[in-house]
Amino acid sequence: MNTPIQQAAPKPQKPAPDECCGGGSCCPCVWDEYREKLKQWQLNNIPQQA
């Protein structure tokens, strides 16, 4: 039986300097979204140590 090989999702890209206003009032901030996407990417793509 052949098992399909899953392609790893690309690592999320950091927001560009012009994507963040720097004011701290955006909810959610582009950095909040980036950190959440990065956390999910790490959980799905980096082997966990026992």
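Residues numbered from 1 in each chain as written. Predicted model: local features only at pLDDT ≥ 70, side-chain atom pairs only at ≥ 80, totals over all residues. Heavy atoms only, no water.

**Q** For this particular structure, what's the right way to read the packing of aromatic side chains?
**A** The way to describe two aromatic rings as a pair is by their centre distance and the angle between their planes. All told, the structure shown has one aromatic pair when counted by the stated rule. Their ring planes at 90° and their centres at 5.7 Å tell us that Trp 31 and Tyr 34 sit as a pair that is edge-to-face. Of the two residues, Trp 31 and Tyr 34 are both situated in helix 1 (residues 30-45); the distance of three residues between them amounts to about one turn of the helix. Among the residues examined, Tyr 34 registers a relative accessible area of 10% and is labelled buried. (Phe/Tyr/Trp six-rings, centres within 6.5 Å; stacked < 30°, edge-to-face > 60°. Helix = DSSP H or I, 4+ residues; strand = E, 2+ residues; numbered from the N terminus. Buried < 20%, exposed > 50% of the residue type's maximum accessible area, 1.4 Å probe, protein only.)

**Q** Is there a simple way to explain the pattern of salt bridges in this structure?
**A** Charged atoms that come close allow side chains of opposite charge to pair. On inspection of all chains with the given rule, the structure shows one salt bridge. With its nearest N and O atoms 2.9 Å apart, the salt bridge here joins Asp 32 to Arg 35. Linking Asp 32 with Arg 35, this pair stays in helix 1, spanning three residues, or about one helical turn. You can call Asp 32 partly exposed: its relative accessible area is 37%. Residue classification places Arg 35 among the partly exposed residues on the basis of a relative accessible area of 48%. (Salt bridge = Lys/Arg side-chain N within 4 Å of Asp/Glu carboxyl O.)

**Q** In this structure, what is going on with the environment of Ala 8? I would like to understand it.
**A** Tracing the backbone shows Ala 8 in the segment before helix 1. Once the C-alpha coordinates of Ala 8 and Asn 45 are considered, the two residues, 37 residues apart in sequence, prove to be 6.6 Å apart.

**Q** I keep staring at the state of the cysteines and nothing clicks. Help me out?
**A** Put plainly, two cysteines are in a disulfide when a covalent bond ties their sulfur atoms together. Overall, the coordinates contain zero disulfides when judged by the stated rule. Residue Cys 27 stays outside any disulfide, its sulfur separated by 8.9 Å from that of Cys 26, the closest cysteine. (Disulfide = S-S within 2.5 Å.)

**Q** Would you explain the environment of Asn 45 in this entry?
**A** Following the sequence through the fold, Asn 45 ends up in helix 1. Sequence separation between Asn 45 and Ala 9 is 36 residues, and the spatial gap between their C-alpha atoms is 7.7 Å. Setting aside its immediate chain neighbours within four residues, Asn 45 contacts Ala 8 and Ala 9. (Contact = heavy atoms within 4.5 Å.)

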